[in-house]
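Residue-level structural notes
Residues per chain are reported as follows:
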Amino acid sequence: MKLKVITLFLGAAGALAACGPAPTPQQQAARQHEIACLSGTLGGALIGGAIGNQFGGGSGKSILTAAGAAAGGIEGNRFAC
């Protein structure tokens, strides 16, 4: 019985959430800009980490991987945003 009530409640909440106002073009553009910034930052961090991982050995390899990821994230953010 509880499962049916919870399912009904969640279904009603989902249906009501779909009835919200459509986003304005400015809101859509802002959302796309946020996604582009996040994608650039994450992509840069992944590429920088992969490049940094190619150098050094032992704990130096870990340090260079982290430094490459940080530098790549910064540059990716600067490029995308």
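The sections below set out a description of the structure shown in this document. (Residues numbered from 1 in each chain as written. Predicted model: local features only at pLDDT ≥ 70, side-chain atom pairs only at ≥ 80, totals over all residues. Heavy atoms only, no water.)

Taken together, the side chains of Ile47, Ile51, Phe55 and Leu64 present a nonpolar region at the surface, about 400 Å² in accessible area. With respect to the helices and strands, isoleucine 47 occurs in helix 2 (residues 25-52). Judged by relative accessible area, which is 54%, isoleucine 47 ranks as exposed. (Patch = residues over 30% accessible without salt bridge, like charges linked within 9 Å, V, L, I, M, F, W, Y side chains within 5 Å. Areas by Shrake-Rupley, 256 points an atom, 1.4 Å probe, with all protein chains shown as cover. Salt bridge = Lys/Arg side-chain N within 4 Å of Asp/Glu carboxyl O. Helix = DSSP H or I, 4+ residues; strand = E, 2+ residues; numbered from the N terminus. Buried < 20%, exposed > 50% of the residue type's maximum accessible area, 1.4 Å probe, protein only.)

Turning our attention to the packing of helix 2 against helix 3 (residues 59-80). At their nearest, the axes of helix 2 and helix 3 sit 6 Å apart, and the two run at 150° to each other. Between helix 2 and helix 3, the interaxial angle falls into the category roughly antiparallel. Where helix 2 crosses over helix 3, the handedness of that crossing is right-handed. Facing Ala36, Cys37, Gly40, Thr41, Gly44, Ala45, Gly48, Gly49 and Gly52 of helix 2, the residues of helix 3 in contact are Lys61, Leu64, Thr65, Gly68, Ala69, Gly72, Gly73, Gly76, Asn77 and Ala80. Of the residues contributing to the contact of helix 2 with helix 3, the split by class is six nonpolar, 12 polar and one charged. (Axes fitted to C-alpha atoms, helices over the stretch in contact; angles between N-to-C directions. Parallel < 35°, antiparallel > 145°, perpendicular 65-115°, else oblique. Left-handed = near helix turned anticlockwise from the far one by under 90°. Contact = heavy atoms within 4.5 Å. Nonpolar A, V, L, I, M, F, W, Y, C, P; charged D, E, K, R; others polar.)

In the structure shown here, the tally under the stated rule is two salt bridges. The shortest N-O distance in the salt bridge between glutamate 34 and arginine 31 comes to 3.5 Å. Here arginine 31 and glutamate 34 lie together in helix 2, a separation of three residues that amounts to about one turn. With its nearest N and O atoms 2.6 Å apart, the salt bridge here joins arginine 78 to glutamate 75. Of the two residues, arginine 78 and glutamate 75 are both situated in helix 3; the distance of three residues between them amounts to about one turn of the helix.

Across all of its chains, the model carries one disulfide by this definition. A sulfur-sulfur separation of 1.9 Å characterises the disulfide bridge that pairs cysteine 37 with cysteine 81. Of the two residues, cysteine 37 sits in helix 2 while cysteine 81 sits in the segment after helix 3, which places them 44 residues apart along the sequence. On the accessibility criterion, cysteine 81 (45% relative accessible area) is partly exposed. (Disulfide = S-S within 2.5 Å.)

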